[in-house]
Amino acid sequence: MRRIVVVGASAAGLAAAETLRREGYDGTLTLVGDEPLAPYDRPPLSKQLLAGEWEPGRLDLRTPDDLAGLDLDLRLGVPATGLRPADTEVDLGDGSSVPYDGLIIATGVRPRRLPGAGGHVLRTLDDAMRLRERLAPGRRLVVVGAGFLGGEAAAVARRLGCEVTLLEPAPVPLAHAVGARVGEMLTDAHRERGVDLRCGVTVTEVTGHGVRLADGELVEADEVLTAVGSMPNTDWLVGSGLTVGDGVVCDEYCGAARDVCAAGDVARWFNPLFGRSMRIEHRTNAAEQGMAAARNLLRPEARKPFAPVPYFWSDQYDMKIQAYGYLRGHDEVAVVEGDVAERRFVAVYRTGDRVAGALAVGVPPRELRRWRQAIATGVRWREAVQIDAVAN
Amino acid sequence: MKVELEADKCVASGQCVLAAMDVFDQDDDGIAVLLDERPADENLDGVREAVAICPAAAIRLVDQ
Ligand SMILES: Cc1cc2nc3c(=O)[nH]c(=O)nc-3n(C[C@H](O)[C@H](O)[C@H](O)COP(=O)(O)OP(=O)(O)OC[C@H]3O[C@@H](n4cnc5c(N)ncnc54)[C@H](O)[C@@H]3O)c2cc1C
Ligand code: SF4
């Protein structure tokens, strides 16, 4: 291969580009990103950056020297607008086209929006700076959606002295993802800090002065943040012939077509460890999958299935939440250590007859490693949970 | 080769420990601890993996 194009210049795309060079690829390496900025990191956007603790420069993923060392054909501030696999070319928004022998798709996701106008979303540095300018003591912020992103933003806004209303359609935050018990714990954490968390409410519209609920009520606010999930950036692939269905559909090697791979938030691939297809919006997965996709693209004869144990963290108030594995759609949750009410615990998740996930708060990560191991090796639920009971 | 760790960026993911056990550890809060600033050659691949995979871009490997 002499020409590789990576579309999407963030965590996954950068990891792919770096891996290609590390693995000895010395051909032309084009990195295309529609944001004008050098690759930067997103998790701090809803944490240190929003809180005003970090300035934007701290988010740079690499120094200018590190980037220069990659010898990239860097196209920033220009989107990819089309893919023509038959011609092996990517079309760009400036009217040009880039030919490729190998392509990595890493275009991530964008926030889902609600009907109406105004309000904020939180995905880019611009989004975060705009919201940050508006947060000050006494300002009223409505956050729609009490997922991890909404929860983090609510926590930061409270710390900045804002009056925060958090609106969530489910009975407790994140129940579908982490289970009711952890959801209740999050509910308590928000309410203790003075967040007006209202569950079981549906927002139908964002207005200039707040949000409208399904029952007609208007919840007034100075600022509205919508955090109701995201959609994969696959519009530019329409007509390409690639299979797209909630993400770019890939096999277990991150392959979407001949000489085309996908990685990061935009990729839906078959994870053999769990025997199912998944799309993971976690920061560590972006880097891991970028690396895996790059290796498989470069060495198809030695390609390896991408079978990671997903890992996620979230910082809310004084809690660090850490989770391994695939928790969604679990059949059972068991608290194997500590106490959920005390916010110091390990909960493990059963799917079928195996340990599929573990979530911890306030526990040294070292103690979580064996749970990660149990997930990675597909340990049976009975064995794992009993061994643990004995060990404690 | 020298390893540099910006501990205040670290998000306690433990990826570095998985990649290079002899070079990184985590304290009780999960924050990465550098065990070996100048790793032996056989550990360098693991360190490079850690640099690439660290979700906080908190690790660098510098030529000196
Ligand atoms: C505020 C916030 C907080 C988060 N906190 C955490 C956390 O605590 N823990 C955690 O594990 N994860 C967290 N995440 C998730 C994590 O940031 C993502 O999983 C990660 O950024 C995914 O990387 P990516 O490279 O796949 O996609 P992205 O970071 O979305 O990058 C894709 C890039 O491609 C660009 N692009 C899109 N379309 C095109 C196109 N057509 N042409 C060219 N370029 C294009 C985009 O503009 C973007 O720059 C958070 C995310 C956000 C937004
Ligand atoms: S990989 Fe990075 S963020 Fe994770 S523990 Fe190591 S230094 Fe910290």
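- An unreviewed UniProt entry annotates chain B as Ferredoxin originating from Streptomyces chartreusis.
- In the Cofactor (unreviewed entry) part of its UniProt record, chain B is described as follows: "[3Fe-4S] cluster".
- Here is the UniProt Function (unreviewed entry) comment for chain B, exactly as written: "Ferredoxins are iron-sulfur proteins that transfer electrons in a wide variety of metabolic reactions."

Describing the packing of helix α1 (residues 11–22) of chain A against helix α7 (residues 283–298) of chain A
Each pair of packed helices gets described by two things: the angle between the helix axes and the distance between those axes.
Residue and element names in this part refer to chain A.
Here's step 1: Axis separation between α1 and α7 bottoms out at 7 Å; the angle between their running directions is 40°. In this view, α1 runs oblique relative to α7, as classed from their interaxial angle. Seen along the crossing, α1 lies across α7 with a hand that is right-handed. In contact with A11, A12, A15, A16, T19, L20 and R22 of α1, α7 contributes R283, A286, A287, G290, M291, A294, R295 and L298.

A short note on the site of ligand 2
Here's step 1: The environment of ligand 2 is formed by B:L5, B:C10, B:V11, B:A12, B:S13, B:G14, B:Q15, B:C16, B:A32, B:C54, B:P55 and B:I59.
Here's step 2: Across the shell around ligand 2, the residue classes tally to 9 nonpolar, 3 polar and no charged.

A few points about the interface of chain B and chain A
Here's step 1: Residue-level contacts link 25 residues of chain B with 26 residues of chain A.
Here's step 2: Buried area between chain B and chain A, both sides added, is near 2100 Å², and the carbon and sulfur share of it is 47%.
Here's step 3: The tally of links from chain B across to chain A stands at 7 salt bridges.
Here's step 4: In this structure, B:E49 engages A:R295 in a salt bridge whose closest nitrogen and oxygen atoms are separated by 3.1 Å.
Here's step 5: At the boundary of chain B with chain A, the tally comes to 12 residue pairs in polar contact (both at pLDDT 80 or more).
Here's step 6: At the level of secondary structure, the elements contributing two or more residues to the side of chain B that touches chain A comprise α1 (15–19), β2 (24–26) and α2 (41–53) of chain B.
Here's step 7: Looking at the side of chain B that touches chain A element by element, the count peaks at 5 residues for α2(B).
Here's step 8: Here the side of chain B that touches chain A is composed, by residue class, of 11 nonpolar, 4 polar and 10 charged.

Digging into the sheet that holds strand β4 (residues 80–84) of chain A
Residue and element names in this part refer to chain A.
Here's step 1: Here we have 3 strands laid out as an open sheet, ordered β4-β5-β6, and antiparallel in their pairing. In this open sheet, the two strands that pair with only one neighbour each are β4 and β6 (97–99). Here the average twist between neighbouring strands, direction ignored, is 20°.
Here's step 2: Here strand β5 (residues 89–92) pairs with β6 via 3 bridges, running antiparallel. Each bridged residue has a counterpart across the sheet, and for E89 the counterpart in β6 is P99.

Remarks on the site of ligand 1
Residue and element names in this part refer to chain A.
Here's step 1: D34, E35, R42, K47 and R123 are the nearest of the 33 residues found near ligand 1.
Here's step 2: In the model, an oxygen atom of ligand 1 is placed 2.9 Å from a nitrogen or oxygen of the A12 main chain.
Here's step 3: With respect to ligand 1, the backbone of H282 contributes an N or O atom lying 3.3 Å from an oxygen atom.
Here's step 4: Considering ligand 1 on its own, with 1000 Å² of exposed area, one finds that the protein chains cover 94% of that surface.
Here's step 5: For the shell around ligand 1, the elements supplying multiple residues, two or more each, are α1, α4 (148–159), α7 and β22 (311–316).

Structural notes on the packing of aromatic side chains
Residue and element names in this part refer to chain A.
Here's step 1: Following the criterion strictly, the structure yields 4 aromatic pairs over all chains and no others.
Here's step 2: Taking the centre distance of 5.1 Å and the plane angle of 45° together, the rings of W269 and F306 count as tilted. In this pair, W269 is assigned in strand β20 (residues 267–271) and F306 in the loop between α7 and β22, connecting sequence segments 37 residues apart. Here W269 and F306 have matching classes, each one buried.
Here's step 3: Centre to centre, the rings of Y311 and Y324 are 4.9 Å apart; their planes meet at 50°, and the pair counts as tilted. Here Y324 lies in strand β23 (residues 319–325) and Y311 lies in strand β22, a separation of 13 residues in the sequence. Of the two residues, Y311 and Y324, neither departs from the other in class, the shared state being buried.
Here's step 4: Geometry around W54 places R58 over its ring, the cationic atom sitting 4.6 Å from the centre.

The rules behind these values
- Residues numbered from 1 in each chain as written.
- Chains lettered and ligands numbered in written order.
- Predicted model: local features only at pLDDT ≥ 70, side-chain atom pairs only at ≥ 80, totals over all residues.
- Heavy atoms only, no water.
- UniProt positions renumbered as here; feature names shortened; annotations may be inferred.
- Axes fitted to C-alpha atoms, helices over the stretch in contact; angles between N-to-C directions.
- Helix = DSSP H or I, 4+ residues; strand = E, 2+ residues; numbered from the N terminus.
- Parallel < 35°, antiparallel > 145°, perpendicular 65-115°, else oblique.
- Left-handed = near helix turned anticlockwise from the far one by under 90°.
- Contact = heavy atoms within 4.5 Å.
- Near = heavy atom within 4 Å.
- Nonpolar A, V, L, I, M, F, W, Y, C, P; charged D, E, K, R; others polar.
- Buried area = accessible area lost by both parts, 1.4 Å probe.
- Salt bridge = Lys/Arg side-chain N within 4 Å of Asp/Glu carboxyl O.
- Polar contact = N/O pair within 3.5 Å; in protein donor to acceptor, adjacent residues only side chain to side chain.
- Pairing = 2+ DSSP bridges.
- Areas by Shrake-Rupley, 256 points an atom, 1.4 Å probe, with all protein chains shown as cover.
- Phe/Tyr/Trp six-rings, centres within 6.5 Å; stacked < 30°, edge-to-face > 60°.
- Buried < 20%, exposed > 50% of the residue type's maximum accessible area, 1.4 Å probe, protein only.
- Lys NZ or Arg CZ within 6 Å of the ring centre and 35° of its normal.

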